[in-house]
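One letter stands for each residue in the lines below.
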Amino acid sequence: MIIGLTGSIASGKSTVSEMLKNSGYPIIDADLVARQVVEPGSDTLEQIEQAFGPEVIREDGTMDRPKVGEIIFNDPAKRKILNDIIHPAIRQEMLQQRHDYMTEGYKTIVMDIPLLFESRLQHLVDKILVVSVTEENQFNRLVERNGFTEKEARARISSQLPMSVKEDGADAVIYNNGTLDETKWQLNRILDNWKASPEKE
Ligand SMILES: CC(C)(COP(=O)(O)OP(=O)(O)OC[C@H]1O[C@@H](n2cnc3c(N)ncnc32)[C@H](O)[C@@H]1O)[C@@H](O)C(=O)NCCC(=O)NCCS
Ligand SMILES: Nc1ncnc2c1ncn2[C@@H]1O[C@H](COP(=O)(O)OP(=O)(O)OP(=O)(O)O)[C@@H](O)[C@H]1O
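Calculation criteria
Residues numbered from 1 in each chain as written. Chains lettered and ligands numbered in written order. Predicted model: local features only at pLDDT ≥ 70, side-chain atom pairs only at ≥ 80, totals over all residues. Heavy atoms only, no water. Domains from an automatic or database assignment. Contact = heavy atoms within 4.5 Å. Buried area = accessible area lost by both parts, 1.4 Å probe. Polar contact = N/O pair within 3.5 Å; in protein donor to acceptor, adjacent residues only side chain to side chain. Helix = DSSP H or I, 4+ residues; strand = E, 2+ residues; numbered from the N terminus. Nonpolar A, V, L, I, M, F, W, Y, C, P; charged D, E, K, R; others polar. Buried < 20%, exposed > 50% of the residue type's maximum accessible area, 1.4 Å probe, protein only. Pairing = 2+ DSSP bridges. Salt bridge = Lys/Arg side-chain N within 4 Å of Asp/Glu carboxyl O. Axes fitted to C-alpha atoms, helices over the stretch in contact; angles between N-to-C directions. Expected span 1.5 Å × (residues − 1). Arc of directions from axis to C-beta.

Chemist: What is the right way to read the domain arrangement of the chain from this model?
Modeler: The accessible area lost on association of the parts is a frequent measure of interface size. Segmentation of the chain into domains returns domain 1 (1-25 + 108-201) and domain 2 (27-103). On the domain 2 side, the residues contacting the 21 residues of domain 1 number 17 residues. Both faces combined, the contact of domain 1 with domain 2 buries some 1,600 Å², and carbon together with sulfur accounts for 62% of it. Our enumeration of links across domain 1 and domain 2 arrives at 5 residue pairs in polar contact (both at pLDDT 80 or more). Listing elements by their share of the side of domain 1 that touches domain 2, those giving two or more residues are α1 (13-22), β3 (109-112) and α7 (150-157). Its residues assigned to classes, the side of domain 1 that touches domain 2 comprises 12 nonpolar, 4 polar and 5 charged.

Chemist: Quick question: what am I supposed to make of the pairing of strand β4 (residues 127-132) here?
Modeler: The side chains of a regular strand alternate between the sheet's two faces. Counting buried positions along β4 gives 5 out of 6 residues, so the element sits mostly inside the fold. In this structure, strand β1 (residues 2-7) lies alongside β4, joined through 5 bridges in parallel fashion. Considered in β4, the bridge of Gly 4 is made with Ile 128. Direction of pairing for β4 relative to strand β5 (residues 172-175): parallel, over a ladder of 4 bridges. Bridge pairing links Val 131 to Ile 174 in β5.

Chemist: What should I look at first to understand the pattern of salt bridges in this one?
Modeler: Pairing of side chains with opposite charge becomes possible as their charged atoms draw close. For the structure on display, the rule yields 7 salt bridges. Two residues, Asp 64 and Arg 58, come together in a salt bridge whose shortest N-O distance is 3.6 Å. When its relative accessible area of 39% is taken as the criterion, Arg 58 is described as partly exposed. With a closest N to O distance of 3.6 Å, Lys 78 and Asp 75 form a salt bridge. Judged by its relative accessible area of 33%, Lys 78 falls in the partly exposed class. A relative accessible area of 24% places Asp 75 in the partly exposed class.

Chemist: Honestly, the sheet that holds β5 in this entry has me stumped. Any pointers?
Modeler: Adjacent strands of a sheet form backbone hydrogen bonds with each other and so pair up, either parallel or antiparallel. With parallel pairing, 5 strands are arranged side by side in an open sheet as β2-β3-β1-β4-β5. Of all the strands in the sheet, the pair left with one neighbour each is β2 (27-29) and β5. Pairwise comparison of adjacent strand axes, ignoring direction, gives a mean angle of 20 degrees for this sheet. Where helix α9 (residues 180-193) meets the sheet, it contacts β1, β4 and β5, and its direction lies at approximately 165 degrees from that of β5.

Chemist: When you look at α9 in this model, what are you seeing that I'm missing?
Modeler: The terminal C-alpha atoms of α9, which comprises 14 residues, lie 20 Å apart, in line with the 20 Å expected from a rise of 1.5 Å per residue. Taken residue by residue, α9 has Thr 183, Gln 186, Leu 187, Ile 190 and Leu 191 as its buried positions. Projection of α9 onto a plane perpendicular to its axis shows the buried side chains occupying an angular sector of 135 degrees, all on one side. Facing away from the buried side of α9, by more than 90 degrees, are the exposed residues Asp 181, Trp 185, Asp 192 and Asn 193. Residues of α9 that are buried in the fold lie against β1, α1, β4 and β5.

Put into structure tokens, the structure is as follows:
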């Protein structure tokens with residue numbers, strides 16, 4: 001079974017993904033893959049430099065992530081340009097990892113994909129698990145974790161589909177507003193319902 005783990009920015013996907021990893025599930029992390037495909041010297045980074053200019057590349061050849069974030073979270077047209085360059089590379093690498101884990105015989109594989117709904121990737125997974133939070137918790141946790149201003153946080157939140165749309169498209173929802181123990185309890189109940197197991201065939 002392929003579980004698609006998603007939610008909105010700062011809703012707690014990485015927190016839940018860490019719990020799944022600690023239980024032994026193999027995790028494919030789209031945010032991590034997004035970093036790998038823009039390594040210095042990659043075709044993808046070259047295309048990003050051509051589209052956004054040399055100012056988005058640091059002296060050491062890496063992508064200036066805060067600068068790219070500043071550009072794309074404040075301009076939907078620029079965001080689309082970046083997405084059109086980077087998403088095919090992310091998707092290809094995620095599919096490769098999924099294939100490798102399946103070949104290794106894992107019964108359940110978790111794909112942590114923040115933009116599962118926005119990028120219409122529902123078909124890649126068998127079950128969709130959405131990590132949800134209230135707008136207030138989401139905003140406060142995002143500001144606290146990243147040190148963003150209110151404007152920076154709002155720009156990122158409004159770059160994604162509303163939480164309610166994701167909940168509507170979910171097979172199960174974790175409400176991550178309480179303690180981590182409460183979140184873990186909800187997760188385990190859902191995994192039991194789905195008869196998911198981290199074991200190999
Ligand atoms: C814009 C970038 C450089 C900002 O980097 P930064 O280190 O500040 O953030 P990070 O990569 O950790 O992303 C944090 C969160 O932002 C949200 N986010 C990232 N990219 C996007 C996007 N294109 N549209 C909407 N939300 C996004 C996701 O919820 C993600 O979990 C980076 O997010 C990026 O390369 N984005 C494009 C790739 C992408 O779409 N990644 C999302 C997973 S497929
Ligand atoms: N139940 C909780 N109680 C308090 N803080 C929490 C809880 N769950 C997560 N957090 C904190 O909220 C922040 C966001 O969580 P996390 O990084 O897991 O979100 P995310 O959905 O992976 O975010 P992103 O989309 O940006 O990658 C983190 O600083 C995390 O430690």
